[in-house]
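Listed here are the chains, written in short residue letters.
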Amino acid sequence: MHESNILKIKIETEKIVQQALTINKNEEFKRILENEGDKLKNLEFIISIVGTVKAGKSTTINAIVGQEILPNRAYPMTTLPTLVTHKKGQVEPKLTMPKYETLNKFLNQVREKLKKDSNGEFSKDSHGKEIIKTISDKNLRFKEIYQGKDNIYIFLQTLNDLMRLAKDIKLTPPYKEFEKINELPRIEIEFYYLNHLEDMSNTRLSLLDTPGPDEFGHSEELKNIFRTQLKQSSAIMLVMNYTVINNEGAGKTREEVKEIRNLIKDEHLFVLVNKFDEKTSKDPDYENTKQNISKSMFDSKLKVENIFPISARLAYLVNIARRELSLKGKINKTIPWVEDFGDKILGRKWENQIENITEIEEACDEAWKDSYFKKPLDKIIIHGYSNSAFESLGGILHKIEEINRILSNTFKTRESSLNEDIQKLKQNIENLKKDIENIGIVSKDLDEKIEAKLESIKSNIDEKGKEFLKNAKYQIGKIYDDRESNEKEKLKEEIKKQDLEEERRRKESEKNILKPFGDILSSLKANNTKKHREI
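Treat the numbers as computed from the prediction; the structure is a model and nothing was measured.

Parameters and conventions
- Every chain begins its residue count from 1, and numbering advances along the sequence as written.
- For this predicted model, a pLDDT threshold of at least 70 governs which residues receive local features, and a threshold of 80 or more governs which side-chain atom pairs are given and counted, while totals over whole chains, interfaces and linings are taken from all residues.
- With hydrogens and water excluded, all non-hydrogen atoms of the structure serve as input to the side-chain values.
- Among the buried residues, those of types Ala, Val, Leu, Ile, Met, Phe, Trp, Tyr and Cys that are joined through side-chain atoms within 4.5 Å form a nonpolar core.
- Only protein chains enter the accessibility calculation, which uses a 1.4 Å probe. A residue is then buried if its area is under 20% of the maximum for its type, exposed if over 50%, and partly exposed in between.
- Secondary structure counts use DSSP, requiring at least four H or I residues in a row for a helix and at least two E residues in a row for a strand, with both numbered from the N terminus.
- The criterion used for residue contact is that any of the two residues' heavy atoms lie within 4.5 Å.
- Every axis corresponds to a line fitted to the C-alpha atoms, with the helix fit spanning only the stretch in contact, and the corresponding angles, defined between N-to-C directions, vary from 0 to 180 degrees.
- By convention, the crossing between two helices is left-handed when the near helix turns anticlockwise from the far helix through less than a right angle, and right-handed when the turn is clockwise.
- Under the convention adopted here, Pro, Cys and the residues Ala, Val, Leu, Ile, Met, Phe, Trp and Tyr are nonpolar, Asp, Glu, Lys and Arg are charged, and Gly plus all remaining residues are polar.
- What counts as a salt bridge is simple: a side-chain nitrogen of Lys or Arg found within 4 Å of a carboxyl oxygen of Asp or Glu.
- By definition in this entry, angles of less than 35 degrees are roughly parallel, angles greater than 145 are roughly antiparallel, angles of 65 to 115 are roughly perpendicular, and the rest are oblique.
- At least two bridges found by DSSP between two strands are what make those strands a pair.
- To pair, rings of Phe, Tyr and Trp, with the six-membered ring standing in for Trp, must have centres within 6.5 Å; the planes then decide the type, stacked if under 30 degrees apart, edge-to-face if over 60, and tilted in the middle.
- Each residue after the first adds 1.5 Å to the expected span of a helix.
- Each patch is built from salt-bridge-free residues with over 30% relative accessible area, joining like charges within 9 Å and nonpolar side chains (Val, Leu, Ile, Met, Phe, Trp, Tyr) within 5 Å.
- The accessible surface values rely on the Shrake-Rupley method and a 1.4 Å probe; as for residues, cover is taken only from the protein chains in view.
- We treat Lys and Arg as the positive residues and Asp and Glu as the negative residues; His and chain ends play no part in the count.
- By convention, the point assigned to a charge is CZ for Arg, NZ for Lys, CD for Glu and CG for Asp.
- Think of pLDDT as the predictor's per-residue confidence, scored from 0 to 100.
- Regarding the arc, it is the one traced by the directions from the helix axis to the C-beta atoms.

Colleague: Any chance you could break down the nonpolar core for me, citing the residues and the numbers?
Modeller: Taken as a class, soluble globular proteins show a tendency for nonpolar side chains to be buried jointly. Within the largest apolar cluster, 107 residues are counted, with the highest numbers of intra-cluster contacts made by Ile 47, Phe 191, Phe 341 and Ile 381. Counting residues per element, this core draws most heavily on helix α11 (residues 312-328), at nine residues. Leave out the neighbours within four places in its chain, and Phe 191 touches Ile 64, Val 65, Val 84, Thr 85, His 86, Leu 205, Leu 207 and Ile 381. Judged by nonpolar contacts, the second largest core, of 16 residues, contains Ala 20, Leu 21, Leu 33 and Ile 396.

Here it is, written out as structure tokens:
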């Protein structure tokens, strides 16, 4: 029932997107609207992860996924925004590069330029020379699909090296070819903390790993890609390094986010203050840190409840260990991340505890609490996925409404009509959400009543069962007692018969024994009588 209503709202939203595209003449907003149309096809809710190098973007994504899906490197790594999409049942990560031929074409251009000029900075050190050698290898070709973590790492590293080398030899990468969401590399993997939820097959939740301001270098094209992707996102998660929260890079990132925040619903803007586990005893506590950041960095315009001090590192190590235990039932200490896990979570003597599952689980529980990661995970990821259809539709309508407001002079006479349609659809979404919530409440109440009735029946059955067993025992006992009584009576009769028989035999025996003496007495009696007569 809800699926058909969501489909109706989706169809109406598609009409509004097309209407806005027809009216709008601004090229930038036209690209945004086209992208919203692409997202609408899959009801995709996209959360952009933004921040500076070493802020912990990749670690945050890895913590959410539950495995190291993106490499952690000390120098800039994200040369193209990369989507990480939850796909239920996808245990091994798979990367798809739709415009891989565009990369191959650019790869050939770099090789040709290297033949003419290879005197850049890369040629001055051994690492740079190794990159030039790899890129120059004619056997190297980009593919459409990369299966498995190791192959994905090689692709991302090669792509990063190619873009950095191109910059070194003053060749502009084809960034404009990757402005649309569906043109970006996409990694599909099951998110560990979403695997227990119902499969939302008609919707998608994706994280978008973006390059930060300190990764732009002097590339205006990459900066434009960053801005475009932010504007096309459904939500933004700004990751800040607690230890250097006021540095220049963090300030630039905040400014970039502030510029486009009107295109994002207020409830869809989040700040993760990473490395909070490194705070000292003199630093403000959890709640005060949230208040301070809202006031000092966002002029109190950012909701305090959308600010989350965290430790992405602790959360990542806990989640990767829990995932390993759920899949294998144990943790092999030869796995690369285990030493880091042992040192950070179990302590210096971790090698003695790594085979003790109970110790590991208890240590993970404690570290998970210290990471403060549950709140943002529940509010942003789990809620976003569970409500991805509504969040996606609502975000798209909000964006069209904001574009309509910004370009009100362009829309003029048709602005009112478009706004009315948007407001009507937004109300329909809210009504449907309330209907589902009410049905959920009724369903929960019904479930509770059914559960109570089942318990009552079970209890009744238990009582009747007990009574039945009691009666059964009594009847069996009675049968046994009656049978035992009958047996006793029979035994008594038998004994009585035996006693009578024994008495009869005894008397018969006595009679036989005394018979000769009787004959003698009778003979003496007879002789004595005869003598009396003769006298």
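Next comes the rest of the write-up.
Colleague: Residue-level account of the packing of α11 against helix α13 (residues 357-371), with values.
Modeller: Running from N to C, α11 and α13 point in directions that differ by 145 degrees, and their axes come no closer than 9 Å. Judged by the twist between their axes, the crossing of α11 over α13 is left-handed. Where α11 abuts α13, its residues Leu 314, Ala 315, Val 318, Asn 319, Ala 321, Arg 322 and Leu 325 lie against Ile 357, Ile 360, Glu 361, Cys 364, Asp 365, Ala 367, Trp 368, Asp 370 and Ser 371. A breakdown of the residues in the contact of α11 with α13 according to their chemical character gives 10 nonpolar, two polar and four charged.

Colleague: Provide a residue-level description of the pattern of salt bridges, including the pertinent values.
Modeller: Counted under the stated rule, the structure contains 13 salt bridges. Of the charged contacts, one joins Glu 44 and Arg 186 as a salt bridge, the two residues approaching to 2.7 Å between their closest N and O atoms. Of this pair, Glu 44 sits in strand β1 (residues 44-50) while Arg 186 sits in strand β5 (residues 186-189); the two residues are 142 residues apart in sequence, bridging distant segments of the chain. Summarising the burial analysis for this pair, Glu 44 and Arg 186 share the class buried. A salt bridge links Lys 374 to Asp 378; its shortest N-O distance comes to 2.6 Å. One end of the pair is Lys 374 and the other is Asp 378, both in helix α14 (residues 374-386) and four residues apart, which spans about a single turn. In the salt-bridge network here, residues are joined through shared partners; they are Glu 44, Arg 186 and Arg 204.

Colleague: Before we move on, could you go through the packing of helix α12 (residues 338-346) against α13 and cite the residues and values that matter?
Modeller: Between α12 and α13, the least distance of the axes is 10 Å, while the angle of their chain directions is 70 degrees. Judged by the inter-axis angle, α12 sits roughly perpendicular to α13. Seen from above, α12 lies across α13 with left-handed handedness. Seen from α12, the contacting residues are Phe 341, Ile 345 and Leu 346; seen from α13, they are Glu 359, Ile 360, Ala 363, Cys 364 and Ala 367.

Colleague: Describe the pairing of strand β6 (residues 204-209), listing the residues and the values that go with them.
Modeller: Among the six residues in β6, five count as buried, and that is most of the element. Pairing geometry for β1 and β6, over six bridges, is parallel. Note that in β6 the partner of Ile 47 across the bridge is Leu 207. Direction of pairing for strand β2 (residues 82-86) relative to β6: antiparallel, over a ladder of four bridges. The residue of β6 that forms the bridge with Leu 83 is Leu 208.

Colleague: Provide a residue-level description of the packing of aromatic side chains, including the pertinent values.
Modeller: Considering all chains together, one arrives at 10 aromatic pairs under this definition. Ring centres 4.9 Å apart and planes at 85 degrees place the aromatic pair Tyr 192 and Tyr 193 in the edge-to-face group. Tyr 193 carries the same exposure label as Tyr 192, and that label is buried. Here the aromatic rings of Phe 276 and Tyr 286 are separated by 6.2 Å at their centres, their planes lie at 75 degrees, and the arrangement is edge-to-face. With Phe 276 in the loop between β8 (269-274) and α10 (286-298) and Tyr 286 in helix α10, the pair connects residues that are 10 residues apart, well separated along the chain.

Colleague: Let's hear about the sheet that holds β8: which residues, and what values?
Modeller: Spatially, the nine strands line up as an open sheet ordered β4-β3-β5-β2-β6-β1-β7-β8-β9, and their pairing is mixed. The two strands at the open ends of the sheet, each matched to only one other strand, are β4 (145-147) and β9 (307-309). Averaged over neighbouring strand pairs, the angle between their axes works out to 20 degrees when direction is ignored. Note: strand β3 (residues 94-96) against β4, three bridges, orientation antiparallel. When the bridges of β4 are listed, Thr 96 appears paired with Ile 145. The sheet contacts of α10 involve β7 (235-241), β8 and β9, and relative to β9 the element is tilted by about 130 degrees.

Colleague: Please set out α11 residue by residue, giving values where relevant.
Modeller: With 17 residues, α11 extends 24 Å from end C-alpha to end C-alpha; this agrees with the ideal 24 Å at 1.5 Å per step. Among the 17 residues in α11, 13 count as buried, and that is most of the element. Positive phi shows up at Gly 329, right after α11, with a value of about 80 degrees.

Colleague: Tell me about a negative patch on the surface, and please be specific about residues and values.
Modeller: On the surface, Glu 359, Glu 361, Glu 362, Glu 366 and Asp 370 cluster together into a negatively charged patch. What makes Glu 362 partly exposed here is its relative accessible area of 47%.

Colleague: With reference to specific residues and values, describe unusual backbone geometry.
Modeller: With a phi angle near 65 degrees, Lys 275 is a residue other than glycine that sits in the positive phi range. Positionally, Lys 275 belongs in the loop between β8 and α10. Since its relative accessible area comes to 23%, Lys 275 is described here as partly exposed. The residue Tyr 372 is not glycine, and still its phi comes out positive at about 55 degrees. As for its position among the elements, Tyr 372 is in the loop between α13 and α14. The class of Tyr 372 is partly exposed, set by a relative accessible area of 35%.

Colleague: Outline the confidence of the model for the protein chain, listing residues and values.
Modeller: Within the protein chain, residue pLDDT values average 77, and 68% of them lie at 70 or more. Considering only residues more than four positions removed or in separate chains, one finds that residues 410-414, a stretch of pLDDT under 50, has 10 contacts. The low-confidence segment residues 529-535, where pLDDT is below 50, has zero contacts with residues more than four positions distant or belonging to other chains.

Colleague: Go over α12 with me, naming the residues and quoting the values.
Modeller: An α-helix turns once per 3.6 residues; consequently, residues spaced three or four apart project the same way. Among the residues making up α12, those that are buried are Val 338, Phe 341, Gly 342, Ile 345 and Leu 346. The arc enclosing the buried residues of α12, seen along the axis, measures out at 100 degrees, which places them on a common side. On its buried face, α12 sits against α11 and α13. A positive backbone phi angle near 110 degrees is found at Gly 347, which sits one or two residues after α12.

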